Amino acid sequence: MPDAPAAPDAPDASGGLRVAVAGAAGRMGETVCRAVDAAGDMELVARADPALGTSVAQALAQGPGVLVDFTTPTTALDNACQALAAGVHVVIGTTGFDAAELQGLEGLERANVFVAPNFAIGAVLMTRFAVEAARHMARAEIIELHHDRKLDKPSGTAARTAQLMEQAAGREVPVHSVRLPGLVAHQEVILGDVGQTLTIRHDSIDRESFMPGVLLAVRRVGELTESPTVGLEHLLW
Ligand SMILES: NC(=O)c1ccc[n+]([C@@H]2O[C@H](COP(=O)([O-])OP(=O)(O)OC[C@H]3O[C@@H](n4cnc5c(N)ncnc54)[C@H](O)[C@@H]3O)[C@@H](O)[C@H]2O)c1
């Protein structure tokens, strides 16, 4: 008889946290699989992706403690539902879906959800500095620049930066999107006032920039006191 899947949060035989990745054949998913493999305190137990012929349901049957989702705007919510139904915590990096829809999901009493539109520490700092600057300068606009295969527009990072700046300053913050080959993930917040401008810019030049944040979320999602939690800043300060 095959072994029963380990309970969520249960360490694997080597004592590590069991992790499954949805979107494992994608640009981000592949990078996450390598990062989990290289981390001493976790084990990659399943890679789900239609491109690999493995569904999320099959991945969940391997008994992960955490499912990491880097898929598409139309699949992330359903994947999260499946994980919660199985009592598996979820870390979502996918952007372009309405994170407010996570509030009503069934299964939130059994497992936690953590979502971040950007897992790069520099991007989180950019947003924090931009929110502070928006309180002091007359106007601001955002230019976000990404690779040309990105599905959503504006980016999740730009949408969240604009939302937080608008809350802080009480003014609209327009967002402009650029999609070009050669780019990874970049954002410029330009603030203007009488006779001066201030530019705050962040560049992810490699998807490795997101990995420390993703691994931090995987380690911490099981102990969240609020779920869903949106934004890496909640794990940093
Ligand atoms: N939060 C962050 O820091 C961050 C950083 C970069 C990218 N992203 C976001 O991550 C997502 C993925 O980006 P990417 O560049 O890796 O895209 P990608 O197109 O390279 O990869 C997506 C993968 O998901 C797979 N997939 C589709 N439906 C699926 C399903 N139901 N279950 C499992 N896998 C499925 C696809 O086959 C594909 O391999 C995008 O939404 C992007 O905006 C977030």
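Residues numbered from 1 in each chain as written. Predicted model: local features only at pLDDT ≥ 70, side-chain atom pairs only at ≥ 80, totals over all residues. Heavy atoms only, no water.

## Structural notes on the overall build of the protein
If you tally the helices and strands in the protein, you get seven helices and 10 strands. Taking 237 residues into account, the globule formula puts the C-alpha radius of gyration at 18 Å, and the protein, at 19 Å, falls close to it. For the C-alpha atoms alone, the extent of the protein along its principal axes is close to 75 × 35 × 30 Å. Taking all 237 residues of the protein together, 49% fall into the buried category. (Helix = DSSP H or I, 4+ residues; strand = E, 2+ residues; numbered from the N terminus. Rg over C-alpha atoms; globule rule 2.2 N^0.38 Å. Buried < 20%, exposed > 50% of the residue type's maximum accessible area, 1.4 Å probe, protein only.)

## Description of the pairing of strand 9 (residues 196–204)
With nine bridges joining them, strand 8 (residues 185–193) and strand 9 adopt antiparallel strand pairing. The partner of Asp193 across the bridge, within strand 9, is Gln196. Linking strand 8 to strand 9, which pair antiparallel, is a turn of two residues; within it Gly195 sits at a positive phi near 70°. (Pairing = 2+ DSSP bridges.)

## Quick notes on the site of the ligand
In the vicinity of the ligand lie 24 residues, with Met28, Asp49, Thr95, Phe119 and Lys150 positioned nearest. Taking Ala116, its main chain carries an N or O atom lying 2.9 Å from a nitrogen atom of the ligand. Considered on its own, the ligand offers 870 Å² of accessible surface; in the complex 80% of this is hidden by protein. (Near = heavy atom within 4 Å. Polar contact = N/O pair within 3.5 Å; in protein donor to acceptor, adjacent residues only side chain to side chain. Areas by Shrake-Rupley, 256 points an atom, 1.4 Å probe, with all protein chains shown as cover.)

## Re the packing of aromatic side chains
Geometrically, a pair of aromatic rings is defined through the distance of the ring centres and the angle of the planes. Enumeration according to the criterion identifies two aromatic pairs in this entry. Their ring planes at 55° and their centres at 6.0 Å tell us that Phe70 and Phe119 sit as a pair that is tilted. Pair noted here: Phe70 is in the loop between strand 3 (66–69) and helix 3 (76–85) and Phe119 is in the loop between strand 5 (113–115) and helix 4 (121–134), with a separation of 49 residues, a long-range link. Where Phe114 meets Phe119, the ring centres are 6.2 Å apart and the plane angle is 50°; that geometry is what we call tilted. Here Phe114 and Phe119 have matching classes, each one buried. Over the face of the ring belonging to Trp237 we find Arg128, whose NZ or CZ atom lies 4.6 Å from the ring centre. (Phe/Tyr/Trp six-rings, centres within 6.5 Å; stacked < 30°, edge-to-face > 60°. Lys NZ or Arg CZ within 6 Å of the ring centre and 35° of its normal.)

## Some remarks on the nonpolar core
Core analysis: the biggest nonpolar cluster contains 49 residues, and Val68, Val91, Phe114, Phe119, Met165, Leu191 and Val218 have the highest contact counts within it. Per element, the largest residue contribution to this core is seven residues, and it comes from helix 4. Residues in contact with Met165, not counting those within four places in the same chain, are Ala130, Val131, Ala134, Ala140, Ile142, Gly170, Val173, Val189 and Leu191. In this structure, Ala59, Leu77, Ala80 and Phe97 belong to the second largest nonpolar core, which totals 24 residues. (Core = buried A, V, L, I, M, F, W, Y, C linked by side-chain atoms within 4.5 Å. Contact = heavy atoms within 4.5 Å.)

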